[in-house]
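# Tertiary structure, described
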Amino acid sequence: MTETPLAAPLNVGFDYTRSTGPVLGRFVNALRERRIEGIRGSDGRVHVPPVEHDPGTAEQLSEFVPVAEEGTVVSWSWCPEPLDGQPLSRPFAWALVRLDGADTAMLHAVDAGAPENIHSGQRVRVKWADDTVGHIRDIAYFLPVDAEDTTPTESAPPVAEREEGAPVSVIITPVHLRYQHSASPEESRYLRGLAEGKLIGQRCPACEKVYIPPRGACPTDGVPTTDEVELPDTGIVTTFCIVNVPFLGQRIKPPYVAAYILLDGADIAFLHLVLGCDAQDVKMGMRVRAAWKPREEWWTSLENISHFEPTGEPDAAYETFAHHL
Amino acid sequence: MPDVAIAGFAKAPNVRETAGTTNGVEMLVPIFAEVFEKTGLSKQDIGFWCSGSSDYLAGRAFSFIAAVDAIGAFPPIHESHVEMDAAWALYEAWLKIKMGEVETALVYGFGKSSAGQLRRVLALQLDPYVVTPLWPDSVSIAGIQARMGLEAGLWSEKDLAEVAARGTDKDVSELLDTPYFADPLRRHDIAPITDGAAVVILSTVDRARDIVDRPAVITGIEHRVDSPVLGARDLTRSPSTEIAAAALDLDGADLAELHAPFTHQELILRTALKLGDDVKINPSGGALAANPMFSAGLARIGEAAARIHSGESRKAVAHATSGPVLQQNLVTVLEAR
Ligand SMILES: [Zn+2]
């Protein structure tokens, strides 16, 4: 167990898609027209970006107020090494900017070049994106008011898909995050075993149940599984479903069977495919064997087993696996 | 309603990076064993389990489910989870005992901050319409807050270095000679990235007396939240901490564990809690020594309780925060009674 656990980059992403409603919808529609609108609070203060409810009284707000595209830096910090997705890829300042006509400040980037070129109280103006779509990124960043505006804006990530000219009722924010994902030492033993065509489970030292894949902790006892157990590639179908519905990314033409396979000697079933017979003929208790892919395609993955197929042996009696359902 | 006390605390070694799984389950198994050993309790004695963690740290949905294995959750247990610092899980557990539903509860928080890029991941805590799409990082936002106080004369760079120096072998002038990491913040102003976990056992005071000699009785617990609109807040203050503190009796506290991931935030909290100079601040080192996300706040409560258990403190204040620049704050008062 002294081997380094397996680790690999994991990149996850999704388009965070949200409806805007009457307040933020009006705000982003105005941005598309290169205008900025705030909203008047119960105490008369103008909030930019607009808020749906007054932060003091919780009253629903609806009186929109146009504000200027010039304003004042309230406070700032320097960003020497911009991160993925930030408004500028060259060093810049993050700032709270209070636009003329507004009483609250908005957070955004100021393209100041160097920290010597920015200070609280500085006057800045909006640098609009070349193409405005109805999104906070229509404000590409802010520039000092007297700065030359010669640099083309960097393209923002895609933020909206809609009909030409249709009002903005939905905004999209792409979220992309990168991780270094690590498997547990127990999972790493199992995955390395698969690369050699072995099915390695582990036994809980307390309850002696055999888990495949092995667990970081036995769900009954809360202790890591330890003793290694090599399992055969034969077992039974405990339960299954027939997939009739097509979906995005599907690799097999429906109908086909996804089943829980309980390997002989294991105490936990895992999900896999049952092919090699008519979907209608799969039964609970059916004996199956792994169909391995060609050896040269093996890696640290359960994908090395293409699917399970019937062995033709008599079915297991229901009582023998009822407690695994 | 029964009074509630803290009867046990354990924490994982706080390190820059663990080799373990992204969800951090292995950090929990040993600290559960440790807290059971210390308290003489076992899994069967726990009436309610509650955890704090975040799917965005682990990069997957329902990541806390894998960690439930560390409990040994079969046969089924009574369990809950909050997607924020586990100090808020402790609040939920405190309520369960107050309501008389259970006598004991185990609360845990965990996270592997090193798996992703922490200051960028934390942008997902911000307003999803007008702030998150800009991906402002947590260090930059704290820098804006720090500068507001610097320019208002509420604190100086030297004051910040003095907070940092408490946990290092360097002196203030050495710290001030280091370059900015993100002007106006230097490295020593920023909590380190930490993988870690913590566990606290709560029980009725009666039950706690069988477990520890000096139970840490929770004589007050309050939490409040400030506006999520960063530009509408006075970032040099923490009104939510002030309001939480005003509802509590902090008189006579001799020790405070403050969850301040940035040096200037400790100064904001000391003011908001009106802590006198005689109050010992963060004997554990606080979040500037180790900032395991989603358990650092719970650990502040556990560290304060441990010092009551040991006799080092008679009355302690523990503070936890969650969200950007002290947005949400929870204050707990613990007393030896
Ligand atoms: Zn077991």
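Because the structure is a prediction, the values reported are computed rather than measured. (Residues numbered from 1 in each chain as written. Chains lettered and ligands numbered in written order. Predicted model: local features only at pLDDT ≥ 70, side-chain atom pairs only at ≥ 80, totals over all residues. Heavy atoms only, no water.)

## Some details on the packing of aromatic side chains
As a reminder of what qualifies: Stacked, edge-to-face and tilted labels apply to pairs of Phe, Tyr and Trp rings (six-membered ring for Trp) whose centres lie within 6.5 Å, assigned for plane angles under 30 degrees, over 60, and everything in between, in that order.
One pass over the structure, following the stated rule, counts 9 aromatic pairs over all chains. Ring geometry for Phe92(A) against Trp94(A): centres 5.1 Å apart, planes inclined by 65°, an arrangement best described as edge-to-face. By way of ring pairs, the aromatic residues Phe32(B), Trp49(B), Tyr108(B) and Phe110(B) are connected into one cluster.

## Quick notes on the interface of chain A and chain B
Let me state the cut-off plainly: Residue contacts follow a heavy-atom distance rule, with two residues in contact if any of their heavy atoms lie within 4.5 Å. When two parts are brought into contact, each loses some accessible area as probed by a 1.4 Å sphere; the total of that loss over both is the buried area. Salt-bridge detection follows one rule: a side-chain nitrogen of Lys or Arg within 4 Å of a carboxyl oxygen of Asp or Glu. What qualifies as a polar contact is a pair of N or O atoms within 3.5 Å, subject to a donor-acceptor requirement within protein and to the restriction that residues adjacent in sequence count only when both atoms come from side chains. Segments assigned H or I by DSSP are reported as helices when at least four residues long, segments assigned E as strands when at least two residues long, and all are numbered from the N terminus. Only Asp, Glu, Lys and Arg are considered charged in this grouping, and only Ala, Val, Leu, Ile, Met, Phe, Trp, Tyr, Cys and Pro are considered nonpolar; every other residue, Gly among them, is considered polar.
With 59 residues of chain A at the interface, the matching set in chain B holds 50 residues. For the pairing of chain A and chain B, the buried interface totals around 4400 Å² over both sides, and the portion due to carbon and sulfur atoms is 62%. On the chain A side of the contact with chain B, Leu83(A), Leu107(A) and Tyr179(A) bury the most area, a combined 14% of that side's loss. A salt bridge links Asp69(B) to Arg215(A), with the nearest nitrogen and oxygen atoms 2.5 Å apart. Put simply, chain A and chain B have 23 residue pairs in polar contact (both at pLDDT 80 or more) between them. Only β1 (7-19), α1 (21-32), β5 (70-79), β6 (92-99), β7 (106-110), β10 (170-182) and α2 (185-195) of chain A provide two or more residues apiece to the side of chain A that touches chain B. If one sorts the elements of the side of chain A that touches chain B by residue count, β10(A) sits on top with 11 residues. Of the residues belonging to the side of chain A that touches chain B, the class tally is 34 nonpolar, 18 polar and 7 charged.

## Remarks on the pairing of strand β4 (residues 104-112) of chain B
Residues and elements named next belong to chain B. Put simply, the rule is: Exposure classes here rest on a 1.4 Å probe applied to the protein chains alone. A residue is buried below 20% of its type maximum, exposed above 50%, and partly exposed in between. The criterion for strand pairing is that DSSP finds at least two bridges linking the strands in question.
The buried count for β4 comes to 9 of 9 residues, which makes it a mostly enclosed element. Of the two faces of β4, the one holding Thr104, Leu106, Tyr108, Phe110 and Lys112 and the one holding Ala105, Val107, Gly109 and Gly111 are both buried throughout. Here 5 bridges tie strand β2 (residues 48-52) to β4, and the two strands are oriented parallel to one another. Following the sheet pairing, Gly52 is matched in β4 by Gly109. As judged from the 9 bridges shared by β4 and strand β7 (residues 195-204), these two strands associate in the antiparallel manner. Within the sheet, the bridge partner assigned to Tyr108 lies in β7 and is Val199.

## Let's talk about the coordination of the zinc ion
Residues and elements named next belong to chain A. Counted only if it meets this: Coordinating N, O and S atoms are those within 2.8 Å of the metal (3.2 Å for Na, K and Ca), and as water is not part of the atoms, a site may appear to have fewer donors than expected. Geometry assignment treats four donors as tetrahedral when all angles are between 85 and 135 degrees, treats four as square planar and six as octahedral when opposite donors are over 155 degrees apart and all others between 65 and 115, and treats everything else as irregular.
Protein coordination at the zinc ion: the donors are Cys204 (SG), Cys207 (SG), Cys218 (SG) and Asp221 (OD), at 1.9 to 2.3 Å from the metal. Around the zinc ion sit 4 donor atoms, and with donor-metal-donor angles ranging over 102 to 114° the site reads as tetrahedral. When the donors of the zinc ion are listed by position in the chain, the intervening gaps give C-x2-C-x10-C-x2-D. Residue Cys204 is found in the loop between β11 (199-203) and β12 (210-211), and its partner Cys218 is found in the loop between β12 and β13 (227-231); the two are separated by 14 residues along the sequence. Note on accessibility: Cys204 and Cys218 belong to one class, buried.

## Here's the deal with α1(A)
All names here are of chain A. Cut-off, in case you're wondering: Take the residue count of a helix, subtract one, and multiply by 1.5 Å to get its expected span.
For α1, which comprises 12 residues, the first-to-last C-alpha distance of 16 Å matches the rise-based estimate of 16 Å (1.5 Å per residue) to within 8%. Here α1 has its buried residues at Val23, Leu24, Gly25, Phe27, Val28, Asn29, Ala30 and Leu31. For α1, the secondary structure elements touched by its buried residues are β2 (36-40), β4 (64-67), β8 (123-128), β9 (139-144) and β10. Positive phi appears at Arg34, one or two residues downstream of α1, with a value of about 60°.

## Quick look at the UniProt feature "domain: ChsH2 C-terminal OB-fold" (unreviewed entry) in chain A
Residue and element names in this part refer to chain A. Our working definition: UniProt positions are given in the numbering used here, feature names are shortened, and annotations may be inferred rather than shown by experiment.
UniProt tags residues 65-128 and 228-293 as "domain: ChsH2 C-terminal OB-fold" (unreviewed entry). Across residues 65-128, the secondary structure splits into 0% helix and 50% strand, with the terminal C-alpha atoms separated by 20 Å. Within the segment residues 228-293, helix and strand shares are 0% and 50% respectively, and the terminal C-alpha atoms sit 24 Å apart.

## Quick word on the sheet that holds β2(A)
Residue and element names in this part refer to chain A. The following threshold applies: In this analysis, axes come from line fits to C-alpha atoms, helices being fitted only over the stretch in contact, and the angle between any two N-to-C directions falls in the range 0 to 180 degrees.
The 3 strands lie next to each other as β3-β2-β4, forming an open sheet whose pairing is antiparallel. Of all strands in the sheet, those with a lone pairing partner are β3 (46-47) and β4, marking the two edges. As paired strands, β2 and β4 are joined by 4 bridges and run antiparallel to one another. Opposite Gly38, over in β4, you have Val65 as the bridge partner. Packed on one face of the sheet, α1 meets β2 and β4 and runs near 155° to β2.

## Some thoughts on the sheet that holds β12(A)
The pairing of strands in a sheet happens through backbone hydrogen bonds and is either parallel or antiparallel. All names here are of chain A. One open sheet holds the 3 strands; their spatial order is β12-β11-β13, and the pairing between them is antiparallel. If you trace the sheet from one side to the other, it starts and ends with β12 and β13, each paired once. Bridge analysis of β11 against β13 gives 5 bridges, and the strand direction is antiparallel. Within β13, the residue paired with Gly201 across the bridge is Val229. α2 contacts β11 and β13 of the sheet and is inclined by roughly 155° relative to β11.

## Some thoughts on a negative patch on the surface
All names here are of chain B. Note the cut-off: Each patch groups residues whose relative accessible area exceeds 30% and which form no salt bridge, using 9 Å between like charges and 5 Å between nonpolar side chains of Val, Leu, Ile, Met, Phe, Trp and Tyr. All accessible-area figures derive from a Shrake-Rupley calculation using a 1.4 Å probe, and residue coverage is judged against the displayed protein chains alone. A positive count includes Lys and Arg, and a negative count includes Asp and Glu. His and the chain ends are not counted in either. Taken as the charge location is NZ of Lys, CZ of Arg, CG of Asp or CD of Glu.
On the surface, a cluster of negative charge is made up of Asp169, Asp171, Glu174 and Asp177. With respect to the helices and strands, the residue Asp171 is situated in the loop between α7 (157-165) and α8 (172-176). Overall, Asp171 belongs to the partly exposed group, its relative accessible area being 42%.

## Let's talk about the packing of α7(B) against helix α11 (residues 263-272) of chain B
Residues and elements named next belong to chain B. Applicable threshold: With respect to orientation, any angle under 35 degrees is reported as roughly parallel, any angle over 145 as roughly antiparallel, any angle of 65 to 115 as roughly perpendicular, and every other angle as oblique.
Here α7 crosses α11 at 95°, and the two axes come no closer than 8 Å. Relative to α11, the element α7 is oriented roughly perpendicular. Contacts between α7 and α11 involve Asp159, Leu160, Val163 and Ala164 on the former and, on the latter, Thr263, His264, Glu266, Leu267 and Arg270. Broken down by class, the residue content of the contact of α7 with α11 amounts to 4 nonpolar, 2 polar and 3 charged.

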